[in-house]
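Spelled out from the first residue to the last, the chains are:
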Amino acid sequence: MAWEALAKMRDANPLVQCITNFVSMDFMANTLLAAGASPAMAHAIDEIDEFVAIADALCINAGTLSPEWLASMKAAGARARQLNKPWVLDPVAAGATSFRTSACIELLALGPSIVRGNASEILALSRASNLPPTKGVDSAHDPSQALGAAKSLAEKYHCVVAVSGAVDLVTDGTRVVSVSNGVPMLQKITASGCSVTALIAAFAAVYPREQHLEACAFALALFGLAGEIGMSKASGPASLRLQLIDALHGLDQATVSSGVKISEAS
Ligand SMILES: Nc1ncnc2c1ncn2[C@@H]1O[C@H](COP(=O)(O)OP(=O)(O)O)[C@@H](O)[C@H]1O
Ligand SMILES: Cc1ncsc1CCOP(=O)(O)O
Ligand SMILES: [Mg+2]
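Residues numbered from 1 in each chain as written. Chains lettered and ligands numbered in written order. Predicted model: local features only at pLDDT ≥ 70, side-chain atom pairs only at ≥ 80, totals over all residues. Heavy atoms only, no water.

Draft legend 1. Quick peek at the packing of helix 6 (residues 119-126) against helix 7 (residues 147-157). Look at helix 6 against helix 7: their axes get within 9 Å of each other, and the N-to-C directions meet at 50°. Considering their axes alone, helix 6 and helix 7 lie oblique with respect to each other. The way helix 6 lies across helix 7 gives a crossing that is left-handed. Only Ala149, Ala150 and Leu153 of helix 7 make contact with helix 6, whose side of the interface consists of Ile122, Leu123, Leu125 and Ser126. Considering only residue class, the contact of helix 6 with helix 7 consists of six nonpolar, one polar and no charged. (Axes fitted to C-alpha atoms, helices over the stretch in contact; angles between N-to-C directions. Helix = DSSP H or I, 4+ residues; strand = E, 2+ residues; numbered from the N terminus. Parallel < 35°, antiparallel > 145°, perpendicular 65-115°, else oblique. Left-handed = near helix turned anticlockwise from the far one by under 90°. Contact = heavy atoms within 4.5 Å. Nonpolar A, V, L, I, M, F, W, Y, C, P; charged D, E, K, R; others polar.)

Draft legend 2. Molecular detail of the state of the cysteines. Evaluation of the coordinates by the stated rule reveals zero disulfides. Its sulfur unpaired, Cys18 is 5.0 Å from the next cysteine sulfur, which belongs to Cys59. No disulfide involves Cys194; its nearest neighbouring cysteine sulfur is the one of Cys59, lying 8.0 Å away. Under the relative-accessibility criterion, Cys194 is labelled buried at 10%. (Disulfide = S-S within 2.5 Å. Buried < 20%, exposed > 50% of the residue type's maximum accessible area, 1.4 Å probe, protein only.)

Draft legend 3. Geometry of the packing of helix 4 (residues 67-82) against helix 5 (residues 98-108). The interhelical angle for the contact between helix 4 and helix 5, taken along N-to-C directions, is 15°, at an axis separation of 10 Å. What the angle tells us is that helix 4 and helix 5 run roughly parallel. Two packed elements cross with a definite hand, and for helix 4 against helix 5 that hand is right-handed. Residues Pro67, Leu70, Met73 and Lys74 of helix 4 form the contact with helix 5, whose own contacting residues are Phe99, Ala103, Glu106 and Leu107. Of the residues contributing to the contact of helix 4 with helix 5, the split by class is six nonpolar, no polar and two charged.

Draft legend 4. Region of the structure containing the site of ligand 2. Around ligand 2, the structure places Asn21, Val23, Gly63, Val137, Thr190, Ala191, Ser192, Gly193 and Cys194. Between an oxygen atom of ligand 2 and a main-chain N or O atom of Ala191, the distance comes to 3.3 Å. Measuring from an oxygen atom of ligand 2, one finds a backbone N or O atom of Gly193 at 2.9 Å. In isolation ligand 2 has 370 Å² of accessible area, and contact with the protein removes 79% of it. Looking at the shell around ligand 2, its residues break down into four nonpolar, five polar and no charged. (Near = heavy atom within 4 Å. Polar contact = N/O pair within 3.5 Å; in protein donor to acceptor, adjacent residues only side chain to side chain. Areas by Shrake-Rupley, 256 points an atom, 1.4 Å probe, with all protein chains shown as cover.)

Draft legend 5. The arrangement of the site of ligand 1 in detail. In the region of ligand 1, 15 residues are neighbours, and Arg116, Asn118, Ser164, Asp168 and Val183 sit closest. One of the backbone N or O atoms of Gly165 is found 3.3 Å from an oxygen atom in ligand 1. Within the backbone of Val183, a nitrogen or oxygen atom sits 3.4 Å from a nitrogen atom of ligand 1. For the shell around ligand 1, the secondary-structure elements that each account for two or more residues are strand 5 (114-118) and helix 8 (192-204). Looking at the shell around ligand 1 residue by residue, the classes come out as six nonpolar, seven polar and two charged.

Any link to function would need more than the numbers given here.
Here it is, written out as structure tokens:
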């Protein structure tokens with residue numbers, strides 16, 4: 001299944017428009033290219049309407065948020081919704097400041113098909129936690145602590161919510177799928193979360209909304225698997241970043257079929 005999904009995505013070579021943070025742009029674009037998608041980083045408010053119209057999917061990332069960028073993000077999310085194009089939200093560091101948390105909640109209300117965050121971000125968006133606050137862009141919680149929050153967000157906003165971590169959890173509010181690929185060293189590469197969110201958008205581009213839970217799980221598993229292969233050749237975070245890109249590009253049927261670890265959870 002994951003192999004068919006990757007082959008389908010590579011064949012379609014979807015154009016993924018990314019409105020993302022300055023830190024992630026390079027790694028995100030290279031992740032998309034290596035996997036078989038076509039990235040474009042475009043955020044000027046003046047070109048949002050036309051760009052979203054030619055994109056196959058949109059990735060909105062709050063990492064280096066400013067009021068100007070937020071206006072572009074809102075316009076893009078609304079335009080994507082109007083044109084029935086999938087868009088994915090990465091609520092980077094939601095919970096760190098009230099500006100960021102409110103902005104992400106406003107974006108959620110515009111109807112993303114998928115939200116992917118770490119556990120602290122998902123807890124912050126649900127505002128359902130008495131746990132200690134987030135550190136910033138990194139998580140202070142485990143995905144299992146955020147599963148209830150993910151389910152309620154998915155129900156409230158009619159979307160798929162993915163909580164990443166050692167074991168990623170993906171839910172539509174009813175079903176829960178877990179993904180066990182990946183290596184801990186991914187936490188030592190900045191923008192690994194941002195990049196997997198963009199990859200999720202690439203897979204969402206080639207599946208209808210009712211299959212976005214599966215599309216999201218495939219993207220998480222394949223990114224994690226590329227991380228595992230990359231780690232076997234790496235000596236630290238810098239070489240893992242490089243090897244991960246090569247591994248994504250080189251994924252073949254045998255490797256994907258034997259390496260993907262996706263299972264139905266509850
Ligand atoms: N401890 C871990 N073991 C294996 N994979 C991990 C681990 N932590 C994160 N990952 C993987 O790293 C990627 C980024 O996830 P995460 O670090 O949670 O996002 P963010 O960078 O947004 O905080 C995901 O593909 C996730 O599955
Ligand atoms: C360090 C940093 N600061 C603002 S955005 C960003 C990158 C965050 O990337 P990720 O959430 O994928 O770790
Ligand atoms: Mg992140």
